[in-house]
Amino acid sequence: MDILLIAGLWLDGSAWDDVVPELTALGHRPVPLTLPGQGDGATSVTLDDQVAAVLAAVDAAPGKPLVVGHSAASSLAWLAADARPEKVAKVALVGGFPAVDGRAYADHFAMEGGAMPFPGWGPFEGADSADLDQEARHRFASAAIPVPEQVARGVVRLTDERRFDVPVVVVCPEFTPAQAKEWIAAGDSPELARATHLEYVDIDSGHWPMTTRPRELARILAQAASA
């Protein structure tokens, strides 16, 4: 199966470099996406531009792909399910939950010069980054790509309720499946509360398991694709 891989904020397709060979060895065709505005110098890119790039990858897949969204990009994966409910086989959300209709995509941090730069490790101290050593932190920060402002502040638009019938796997890194279930039951993720096929998988990692647990993450994604 084609597995489309969408990394979260400040990352491009290279974030999946350690996951790709593992998925290939497990018999799948991983397709890591580098979206417009992720390192090409295009600061005027919008959220719609990134959604269009994801949908182009979905449409190019020979069959029905598994669409993987990490962190904020969980919303991009869910937007793909909304726009192509008959084409997306399943969605895997790694350490993130999709935004609801009418909400900004990811305007979580300060903007500078038309983009949202990586804010440093302060906001991510604790469980998010506990498994990243100093070298990994430095590597991440030095390679971080500022997110174009019109992407971060772009408004999520969901229109097709058939998205709720697309199976969803919630991969739980810095939180547990029990916590995720509790948050969804409490109303923190209205979209997932309405999903009809929802499962949870635990992974013992921080917020970036593609960096610290690539083999384990690949196994989880391969199993999701095969199920």
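Residues numbered from 1 in each chain as written. Predicted model: local features only at pLDDT ≥ 70, side-chain atom pairs only at ≥ 80, totals over all residues. Heavy atoms only, no water.

**Observations regarding the overall build of the protein chain**
A tally of regular secondary structure across the protein chain gives 9 helices and 8 strands. Here the C-alpha atoms of the protein chain give a radius of gyration of 16 Å, agreeing with the 17 Å that 2.2 N^0.38 yields for 227 residues. For the protein chain, the C-alpha atoms occupy an extent of roughly 40 × 40 × 35 Å along the three principal directions. Counting the 227 residues in the protein chain, one finds 52% classified as buried. Within the protein chain, contacts between residues separated by at least 24 positions form 77% of all contacts whose residues are at least 6 apart in sequence. Summing over all exposed atoms, the protein chain offers an accessible surface of approximately 9800 Å²; the carbon and sulfur share of this is 49%. (Helix = DSSP H or I, 4+ residues; strand = E, 2+ residues; numbered from the N terminus. Rg over C-alpha atoms; globule rule 2.2 N^0.38 Å. Buried < 20%, exposed > 50% of the residue type's maximum accessible area, 1.4 Å probe, protein only. Contact = heavy atoms within 4.5 Å. Areas by Shrake-Rupley, 256 points an atom, 1.4 Å probe, with all protein chains shown as cover.)

**Comments concerning the nonpolar core**
Generally speaking, soluble globular proteins have nonpolar side chains that are buried together. Residues Trp10, Trp16, Val68, Leu76, Tyr105 and Leu217 are the most contacted members of the largest nonpolar core, which totals 77 residues. Sorting elements by how many residues they give to this core places helix H9 (residues 214-226) first, with 7 residues. Leaving out residues up to four positions away in the same chain, Leu217 has contacts with Trp16, Val19, Val94, Val171, Ile203, Pro209 and Met210. (Core = buried A, V, L, I, M, F, W, Y, C linked by side-chain atoms within 4.5 Å.)

**Let's talk about the pairing of strand E7 (residues 168-172)**
Looking along a regular strand, one sees the side chains alternate between the two faces of the sheet. Most of E7 sits out of view: 5 of its 5 residues are buried. Residues Val168, Val170 and Cys172 point to one face of E7 and Val169 and Val171 to the other, with burial holding for every one of them. For strand E4 (residues 90-94) and E7, the ladder comprises 4 bridges, and the chain directions are parallel. When the sheet's bridge partners are listed, Val94 is paired in E7 with Val171. As paired strands, E7 and strand E8 (residues 198-202) are joined by 5 bridges and run parallel to one another. Residue pairing in the sheet places Val171 in a bridge with Val201 of E8. (Pairing = 2+ DSSP bridges.)

**Here we look at the environment of Met116**
Counting through the fold element by element, Met116 comes out in strand E5 (residues 115-116). Residue Met116 is classed as buried on the basis of its relative accessible area, which comes to 0%. Along the chain, Met116 and Pro148 lie 32 residues apart, while their C-alpha atoms are 6.3 Å from each other. With near-sequence residues (within four places) excluded, Met116 lies in contact with Leu9, Trp10, Ala106, Asp107, His108, Phe109, Ala110, Met111, Pro146, Val147 and Ala152.

**Notes on the pattern of salt bridges**
All told, the structure shown has 11 salt bridges when counted by the stated rule. Taking the shortest distance from any N to any O, the salt bridge between Asp59 and Arg84 comes out at 2.8 Å. One end of the pair, Asp59, is in helix H2 (residues 47-60); the other, Arg84, is in the loop between helix H3 (74-83) and E4, and 25 residues separate them in sequence. Residue class for Asp59 comes out partly exposed when judged on its relative accessible area of 42%. With a relative accessible area of 22%, Arg84 lands in the partly exposed category. Taking the shortest distance from any N to any O, the salt bridge between Arg163 and Asp82 comes out at 3.1 Å. (Salt bridge = Lys/Arg side-chain N within 4 Å of Asp/Glu carboxyl O.)

**Re the side chain of Asp160**
For Asp160, the location among the structural elements is in the loop between helix H5 (149-152) and E7. Ignoring sequence-local partners within four residues, the contact set of Asp160 consists of Asp82 and Pro85.

**Focus: the sheet that holds E4**
Read from one edge to the other, the open sheet built from 6 strands follows the order E2-E1-E3-E4-E7-E8, with strand pairing classed as parallel. Looking at the sheet topology across the chains shown, the edges are occupied by strand E2 (29-32) and E8. Within the sheet, the average angular offset between the axes of one strand and its neighbour, ignoring direction, is 20°. Where strand E1 (residues 2-6) and E2 come together, 4 bridges link them in parallel fashion. Its bridge partner being in E2, Asp2 is matched across the sheet by Arg29. (Axes fitted to C-alpha atoms, helices over the stretch in contact; angles between N-to-C directions.)

**Description of the side chain of Ser129**
Along the chain, the position of Ser129 falls in the loop between E5 and helix H4 (134-143). Here Phe124 takes part through its backbone oxygen, which lies 2.8 Å from a polar atom of the side chain of Ser129. Reaching out from Ser129, the side chain makes a polar contact with the side chain of Arg137 at a distance of 3.1 Å. Residue contacts for Ser129: discarding those within four places in its chain leaves Trp121, Phe124 and Arg137. (Polar contact = N/O pair within 3.5 Å; in protein donor to acceptor, adjacent residues only side chain to side chain.)

Note that all results are geometric; they support no functional claim without further evidence.
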